[in-house]
Amino acid sequence: MSFACTVAVPPSPNWYSSQVSDVSSDGSLFAFAAHSYVVVLCASTGSRLRQLAAHKSRVTCVCFLVTGRSQARHLLASGSADKNVVVWDAASGRPIASLSGHRSEVVAISPFPDSRIHHHRDGQGGGDGVGDFVSVDKSGWAFGWDACRRAKPVAKLRL
């Protein structure tokens, strides 16, 4: 079996897990954790576009968020051992929100495609599901977030 690879990803200091990476839904960007940073690459060339810095400890998970068909914006969420989640504009490298509330290390982030979690929970929000995601920490708490509202989790669940 032959295997062709056109892009070589630099090694990450987060060698303990191959799960600390994600590809944008349109396939144009690739993000991976490198200690307390998130590195964003052009997926087709492998060239480094951004190095995102806002966490105080190692990044434990990264996830591109659903932004809707009409939006060309790439939102990226990163979780860390510092108990925080940061939402980024991956194209500009600008942090959009720093979300706190977890009691321990954030270990997973997953988007809610076509979700309305904020609409179901409190009847507020944009109602378009843009940026909805869940983060889970090591102590077993899952938080539902609306990246567009940013203030606090819109749902909490003890697993």
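Student: Just to check I follow, could you spell out the overall build of the protein for this structure?
Tutor: On a plain count of helices and strands, the protein comes out with 1 helix and 12 strands. Ordering the α and β elements of the protein from the N terminus gives β-β-β-β-β-β-β-β-β-α-β-β-β. Each of the 159 residues in the protein was classed as buried or not, and the buried ones make up 45%. Summarising the internal contacts of the protein: among those between residues at least 6 apart in sequence, 40% fall at separations of at least 24. Total accessible area on the protein stands at roughly 8600 Å², and carbon and sulfur atoms take up 52% of it.

Student: Please clarify how the packing of aromatic side chains should be interpreted in this entry.
Tutor: Remark: the centre distance and the inter-plane angle together describe each pair of aromatic rings, the angle taken between the planes. A complete count under the given rule lists 3 aromatic pairs for this structure. Pairing Phe133 with Trp145 gives two aromatic rings, centres 6.5 Å apart and planes at 25 degrees, and the pair type is stacked. Separated by 12 residues along the polypeptide, Phe133 in strand β10 (residues 132-137) and Trp145 in strand β11 (residues 141-146) bring together distant segments of the chain. By relative accessible area, which is 1% here, Trp145 ends up buried.

Student: What exactly am I supposed to notice about the environment of Val39 here?
Tutor: With respect to the element layout, Val39 can be found in strand β3 (residues 37-42). A relative accessible area of 2% places Val39 in the buried class. The residues touching Val39, leaving out its near neighbours within four places in the chain, are Phe30, Ala31, Phe32, Ala34, Arg48 and Arg50.

Student: I tried to follow the sheet that holds strand β5 (residues 59-64) on my own but got confused; where do I start?
Tutor: Two orientations exist for strands paired in a sheet by backbone hydrogen bonds: parallel and antiparallel. Strand order in this open sheet of 4 strands is β5-β6-β7-β8, and the pairing throughout is antiparallel. Looking at the sheet topology across the chains shown, the edges are occupied by β5 and β8 (94-99). For this sheet, the mean angle separating the axes of adjacent strands, direction not counted, is 20 degrees. Strand direction decides the pairing type here: strand β7 (residues 85-89) and β8, joined by 5 bridges, are antiparallel. Each residue of the ladder has a partner; that of Val85, found in β8, is Leu99.

Student: Can you walk me through the pairing of β3 in this structure?
Tutor: Walk down a regular strand and you will see the side chains alternate between the two sheet faces. Among the 6 residues in β3, 5 count as buried, and that is most of the element. Inspection of the sheet shows strand β2 (residues 29-34) paired to β3 by 6 bridges, in the antiparallel sense. By the bridge assignment, Leu29 is partnered in β3 with Cys42. The turn joining β2 and β3, which pair antiparallel and follow one another in sequence, is formed by 2 residues; a positive phi near 60 degrees is taken by His35. Here 5 bridges tie β3 to strand β4 (residues 48-53), and the two strands are oriented antiparallel to one another. Considered in β4, the bridge of Val39 is made with Gln51. In sequence, β3 turns back onto β4 through a hairpin of 5 residues, with Gly46 there showing a positive phi of about 80 degrees.

Student: For this particular structure, what's the right way to read a positive patch on the surface?
Tutor: A cluster of basic side chains, namely Arg103, Lys152, Lys156 and Arg158, defines a positive patch on the protein surface. Within the secondary structure, Arg158 sits in strand β12 (residues 155-158).

Student: What is the right way to read the pattern of salt bridges from this model?
Tutor: Two side chains with opposite charge may pair up if their charged atoms get near one another. Summed over the entire model, instances satisfying the criterion amount to 2 salt bridges. For Lys138, the salt bridge identified is with Glu105, shortest N-O distance 3.9 Å. Placement of the pair is Lys138 in the loop between β10 and β11 and Glu105 in the loop between β8 and β9 (106-111), with a sequence separation of 33 residues. By relative accessible area, which is 60% here, Lys138 ends up exposed. For Glu105, a relative accessible area of 14% corresponds to the buried category. Look at the salt bridges and you will find they share partners, linking Arg58, Glu105 and Lys138 into a network.

Procedures and definitions
- Residues numbered from 1 in each chain as written.
- Predicted model: local features only at pLDDT ≥ 70, side-chain atom pairs only at ≥ 80, totals over all residues.
- Heavy atoms only, no water.
- Helix = DSSP H or I, 4+ residues; strand = E, 2+ residues; numbered from the N terminus.
- Buried < 20%, exposed > 50% of the residue type's maximum accessible area, 1.4 Å probe, protein only.
- Contact = heavy atoms within 4.5 Å.
- Areas by Shrake-Rupley, 256 points an atom, 1.4 Å probe, with all protein chains shown as cover.
- Phe/Tyr/Trp six-rings, centres within 6.5 Å; stacked < 30°, edge-to-face > 60°.
- Pairing = 2+ DSSP bridges.
- Axes fitted to C-alpha atoms, helices over the stretch in contact; angles between N-to-C directions.
- Patch = residues over 30% accessible without salt bridge, like charges linked within 9 Å, V, L, I, M, F, W, Y side chains within 5 Å.
- Salt bridge = Lys/Arg side-chain N within 4 Å of Asp/Glu carboxyl O.
- Lys, Arg positive; Asp, Glu negative; His and termini not counted.
- Charge placed at Lys NZ, Arg CZ, Asp CG, Glu CD.

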